[in-house]
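Below, each chain spelled out in residue letters.
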Amino acid sequence: MSTVLIVEDEQHLADGLRFNLEAEGYQAEVAGDGETALELLTAHPGRYHAVVLDVMLPGIDGFAVASELRKSGQFVPVLILTAMGRAEDVLRGFEAGADDYLPKPFELAILLARLRGLLRRRRWLLDGQTSNGLPVTEDPADRITRGDRLTLEDQFHFDGKTIDFAALQIRAGERIIPLTLMEANLLRHLVQHSGRNVSRKSLLEEVWGLHEDTDTRAIDNFIVRLRRYIEAEPSQPKHLLTVRGIGYRFVAEPEK
Ligand code: CA
């Protein structure tokens, strides 16, 4: 049985959610504020299979909870509930390490579907890690030409590093860097368009599904973070290049 932690300060909402999750066969617990949620999550790693996290909370907000959680090395799937459906807030949630979000008010059926998606993904990852290992790519160049068909199972190798889209991590020698779902999606999109300029606007649309007029610079923070993961000198990027006035370009093998 999957256990879900609901972080919500409005009692009636929390009760309603718990009731509905239990009716769906989940075990559900409620934390009324961010500090309590963090205590529970860090004291019992592995106990919760997913977190439904409200943003507006007394004390620290949901963004802070998500980023603290990631900082402590916990990658339990997090679904953020935000009354602020603005694109900037959505991006901020993903930046904090959320895996998915729903604007409030939401329909229960949609919440349940998203939650199932996150849990399925988590189970699938755990299974993948305990089996004989995931399929390894034959030829990275081949992968790129396959474009859209680059799927979650795939790994991408470049410059002595492996981006493992299935395990949500980058491996570089002994170093393993965990990725959030959004970081992995962003990287995948850039890798799929390897060698080509990708505009900020198209990243927002295709990676985040955001079509509104958004401050596209919000993406830059993600890029800074990805550079820390993959660049030897993040301030002098060789792979994840800025294309002035346009956006970015990923280059697997920079010319020497
Ligand atoms: Ca609230």
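Residues numbered from 1 in each chain as written. Predicted model: local features only at pLDDT ≥ 70, side-chain atom pairs only at ≥ 80, totals over all residues. Heavy atoms only, no water.

1. Structural notes on the overall build of the chain
Consideration 1: The helix and strand tally for the chain stands at nine helices and 12 strands.
Consideration 2: Taken over 256 residues, the chain has a buried fraction of 48%.
Consideration 3: In the chain, of all internal contacts separated by at least 6 residues, the share reaching a separation of at least 24 is 56%.
Consideration 4: Carbon and sulfur atoms provide 49% of the accessible area of the chain, an area that totals close to 12700 Å². (Helix = DSSP H or I, 4+ residues; strand = E, 2+ residues; numbered from the N terminus. Buried < 20%, exposed > 50% of the residue type's maximum accessible area, 1.4 Å probe, protein only. Contact = heavy atoms within 4.5 Å. Areas by Shrake-Rupley, 256 points an atom, 1.4 Å probe, with all protein chains shown as cover.)

2. As for the nonpolar core
Consideration 1: Among the nonpolar cores identified, the biggest contains 51 residues, and Ile163, Leu186, Leu190, Leu203 and Trp208 are the most heavily contacted of them.
Consideration 2: Looking at which element gives the most residues to this core, the answer is helix H7 (residues 181-192), with seven residues.
Consideration 3: Both of domain 1 (3-125) and domain 2 (146-250) provide at least three residues apiece to this core.
Consideration 4: Setting aside residues up to four positions removed in sequence, Leu203 forms contacts with Leu186, His189, Leu190, Val198, Trp208, Ile219 and Tyr248.
Consideration 5: Leu41, Val51, Val65 and Val78 belong to the second largest nonpolar core, which has 20 residues in total. (Core = buried A, V, L, I, M, F, W, Y, C linked by side-chain atoms within 4.5 Å. Domains from an automatic or database assignment.)

3. Some details on the coordination of the calcium ion
Consideration 1: With distances of 2.1 to 2.3 Å, the protein atoms coordinating the calcium ion are Asp9 (OD), Asp54 (OD) and Met56 (O).
Consideration 2: Spacing between the donor residues of the calcium ion along their common chain follows D-x44-D-x1-M. A residue pair is termed long-range when its members are at least 10 positions apart, and Asp9 in the loop between strand S1 (3-7) and helix H1 (11-23) and Asp54 in strand S3 (residues 50-54) qualify at 45 residues.
Consideration 3: For Asp9, a relative accessible area of 32% puts it in the partly exposed group. (Donors = N, O, S within 2.8 Å, 3.2 Å for Na, K, Ca; no water.)

4. What about the pairing of S3?
Consideration 1: Counting buried positions along S3 gives five out of five residues, so the element sits mostly inside the fold.
Consideration 2: Burial along S3 is two-sided: Ala50, Val52 and Asp54 and Val51 and Leu53, pointing in opposite directions, are all buried.
Consideration 3: As paired strands, S1 and S3 are joined by four bridges and run parallel to one another. Note on S3: the bridge partner recorded for Val4 is Ala50.
Consideration 4: In this fold, S3 hands off to helix H3 (residues 62-71), which returns the chain to strand S4 (residues 78-82); that crossover is right-handed. (Pairing = 2+ DSSP bridges. Right-handed = clockwise from strand over helix to strand, strands pointing away.)

5. Let's talk about the sheet that holds strand S10 (residues 197-199)
Consideration 1: Strands sit in the order S10-S12-S11 across an open sheet of three strands; the sheet is antiparallel. Looking at strand neighbours, the two that pair on one side only are S10 and strand S11 (240-243), the edges of this open sheet. Each strand of the sheet is rotated relative to its neighbour by a mean of 35°, with strand direction disregarded.
Consideration 2: Contacting S10, S11 and strand S12 (247-250), H7 runs over the sheet at an angle of about 70° to S12.
Consideration 3: The strands that helix H8 (residues 200-207) touches are S10 and S12; relative to S10, the one it contacts most, it runs at about 70°. (Axes fitted to C-alpha atoms, helices over the stretch in contact; angles between N-to-C directions.)

6. Observations regarding unusual backbone geometry
Consideration 1: Residue Pro105 follows Lys104 across a cis peptide bond; omega there is -5°.
Consideration 2: Tracing the backbone through its elements, the reader meets Pro105 in the loop between strand S5 (100-103) and helix H5 (108-130).

7. Overview of H1
Consideration 1: Taking 1.5 Å per residue as the helical rise, H1 with its 13 residues ought to reach 18 Å, and the 18 Å between its terminal C-alpha atoms agrees with that figure.
Consideration 2: Taken together, the buried positions of H1 are Ala14, Leu17 and Leu21. Along the axis of H1, the buried residues cluster in a sector spanning 65°; they form a single face. Within H1, the exposed residues directed more than 90 degrees away from the buried face are Gln11, His12, Phe19 and Ala23. (Expected span 1.5 Å × (residues − 1). Arc of directions from axis to C-beta.)

8. Concerning the pattern of salt bridges
Consideration 1: This model, assessed by the stated rule, comprises 13 salt bridges.
Consideration 2: Note that Glu29 is salt-bridged to Arg47, the shortest N-O span being 2.9 Å. Of this pair, Glu29 sits in strand S2 (residues 27-31) while Arg47 sits in the loop between helix H2 (34-43) and S3, and the two are 18 residues apart along the sequence.
Consideration 3: Measuring nitrogen to oxygen at the nearest pair gives 3.2 Å for the salt bridge that ties Lys161 to Asp159.
Consideration 4: Residue Lys161 is classed as buried on the basis of its relative accessible area, which comes to 12%.
Consideration 5: Here the salt bridges do not stand alone but share partners, grouping Glu8, Asp54 and Lys104 into one network. (Salt bridge = Lys/Arg side-chain N within 4 Å of Asp/Glu carboxyl O.)

9. Structural notes on the sheet that holds strand S7 (residues 161-164)
Consideration 1: Spatially, four strands are ordered S6-S7-S8-S9 in an open sheet, and the strand pairing comes out antiparallel. Looking along the sheet, the strands with just one partner apiece sit at the ends: strand S6 (155-158) and strand S9 (175-178). Pairwise comparison of adjacent strand axes, ignoring direction, gives a mean angle of 15° for this sheet.
Consideration 2: Bridge analysis of S6 against S7 gives four bridges, and the strand direction is antiparallel. Bridge pairing in S7 links Phe156 to Ile163.

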